[in-house]
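What follows is each chain in one-letter form.
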Amino acid sequence: KKSNQKLQVLNDELDQANKVKLRFFSILNHDLRSPVARLISFLHLQKESPELLDEEHKKRMEAKTISSAENLLDTMEDLLLWSKGQMENFKPQPAKIPVSAVFTDLEKHFASADVALDFENHEAIILFTDEHFLKTILRNLIGNAVKALRDTQNPTVLVKAFSENDTSYISVADNGPGGTQEKFRALYDEKEVVGIQTGLGLHLIRDLAKAINCQIAVDSQPEKGTVFTLSFA
């Protein structure tokens, strides 16, 4: 009986490890292929058809390529952070973090994004949390919003920090196509592996938010946009 119990524990651990591995490779496949494809596309165009690029177009493409490469590096760091988070002894290191510093970093990261990106922090919120985990969560939320706005006129993303009833919040709102709650199921269901079409960052967001005791709510309506709200008690 004891042997069977030990075997059951080992089987459960193996099953969990396989789920983590599947989730990790799904994220690698989806979140890394897109920026790499853009880099390769530009390099092929520059090599095989340089006459199609005038000076202005070339500079614009070079700027986007550099930005894409930098974002790729950030994404790789996010994935490494997430994979470390799956290890038993890896835990967040909370400290007092000014939200203004986080917003400054995010503004630089998305400087080349083709959307109107605004940050509001009128109350100068300070959070006690892990800075790297928080930045990773927000980078993924904003990145997903930017991708979702590709076909939206006057695309805008508003990132706002505020407090109510001794609870601090950070919201990420866009005026994109929105969707149903089912579209964002990966935020709540650990068995869900597909995620939303714009990326698999929802898995990473869900796991990192859980690690820092951050609650996530989503309000999304078709053709009216999406609002993600992080709450820190």
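Residues numbered from 1 in each chain as written. Predicted model: local features only at pLDDT ≥ 70, side-chain atom pairs only at ≥ 80, totals over all residues. Heavy atoms only, no water.

(A) Representation of the overall build of the protein chain within the structure. Assigned secondary structure in the protein chain consists of five helices and seven strands. Along the protein chain, from the amino end to the carboxyl end, the secondary structure elements read α-α-β-α-β-β-α-β-β-α-β-β. Here the protein chain, with 233 residues, has 41% of them falling under the buried criterion. In the protein chain, once contacts between residues fewer than 6 apart in sequence are set aside, the share between residues at least 24 apart is 69%. Carbon and sulfur atoms form 52% of the exposed surface of the protein chain, whose accessible area is close to 14200 Å². (Helix = DSSP H or I, 4+ residues; strand = E, 2+ residues; numbered from the N terminus. Buried < 20%, exposed > 50% of the residue type's maximum accessible area, 1.4 Å probe, protein only. Contact = heavy atoms within 4.5 Å. Areas by Shrake-Rupley, 256 points an atom, 1.4 Å probe, with all protein chains shown as cover.)

(B) Main features of the nonpolar core. If you look at the biggest cluster of nonpolar residues, it comprises 39 residues, and the most contacted ones within it are I170 and L230. Those elements that provide at least two residues to this core are α3 (99–109), α4 (131–148), β4 (156–164), β5 (167–174), α5 (201–211), β6 (215–221) and β7 (225–232). At eight residues, α4 tops the list of elements feeding residues into this core. Sequence-distant contacts of I170, defined by excluding residues within four places in its chain, comprise V99, F103, L127, L134, L138, V159, K160, A161, F228, T229, L230 and F232. (Core = buried A, V, L, I, M, F, W, Y, C linked by side-chain atoms within 4.5 Å.)

(C) Main features of the pattern of salt bridges. Scanning the entire structure with this criterion turns up four salt bridges. Close ionic contact of K135 with D105 constitutes a salt bridge, the shortest N to O distance being 4.0 Å. Of this pair, K135 sits in helix α4 while D105 is found in helix α3, placing the two residues 30 residues apart along the sequence. Given the relative accessible area of 14%, K135 is considered buried. The partly exposed category is assigned to D105, whose relative accessible area is 28%. The partner of E131 in a salt bridge is K135, with the nearest N and O atoms 3.0 Å apart. In this pair, E131 and K135 are both assigned in helix α4, four residues apart and thus about one turn of the helix distant. (Salt bridge = Lys/Arg side-chain N within 4 Å of Asp/Glu carboxyl O.)

(D) Quick peek at the sheet that holds β6. Read from one edge to the other, the open sheet built from five strands follows the order β2-β4-β5-β7-β6, with strand pairing classed as mixed. For this open sheet the edge positions go to β2 (116–120) and β6, each flanked by a neighbour on one side alone. The average angle at which neighbouring strand axes cross in this sheet is 15 degrees, direction not considered. Bridge analysis of β6 against β7 gives seven bridges, and the strand direction is antiparallel. Across the sheet, Q221 pairs through a bridge with G225, a residue of β7. (Pairing = 2+ DSSP bridges. Axes fitted to C-alpha atoms, helices over the stretch in contact; angles between N-to-C directions.)

(E) The packing of aromatic side chains, seen in detail. Scanning the entire structure with this criterion turns up three aromatic pairs. Note on F162 and Y169: the rings are 5.2 Å apart at their centroids and 15 degrees apart in plane angle, and the pair reads as stacked. Plain terms: the ring middles of F184 and F228 are 5.5 Å apart, the flat faces sit at 85 degrees to each other, and that makes the pair edge-to-face. Note that F184 is positioned in the loop between β5 and α5 and F228 in strand β7, a separation of 44 residues in sequence. (Phe/Tyr/Trp six-rings, centres within 6.5 Å; stacked < 30°, edge-to-face > 60°.)

(F) Region of interest: the pairing of β4. Strand direction decides the pairing type here: β2 and β4, joined by five bridges, are parallel. Paired with F119 across the bridge in β4 is V159. As paired elements, β4 and β5 share eight bridges and run antiparallel to each other. If you follow V157 over to β5, its bridge partner there is D174. Hairpin geometry of β4 and β5 is characterised by an intervening segment of two residues between the two adjacent antiparallel strands and by a positive phi of about 50 degrees at N165.

(G) Seen up close, α3. Buried within α3 we find V99, V102, F103, L106 and H109. End-on view of α3: buried residues confined to an arc of 115 degrees, all on one side of the axis. (Arc of directions from axis to C-beta.)

(H) Representation of unusual backbone geometry in the model. With a phi close to 50 degrees, N165 is a non-glycine residue in the positive phi region. Tracing the chain through its elements places N165 in the loop between β4 and β5. At N213, a position not held by glycine, the phi torsion is positive, near 55 degrees. Here N213 lies in the loop between α5 and β6. A relative accessible area of 63% places N213 in the exposed class.

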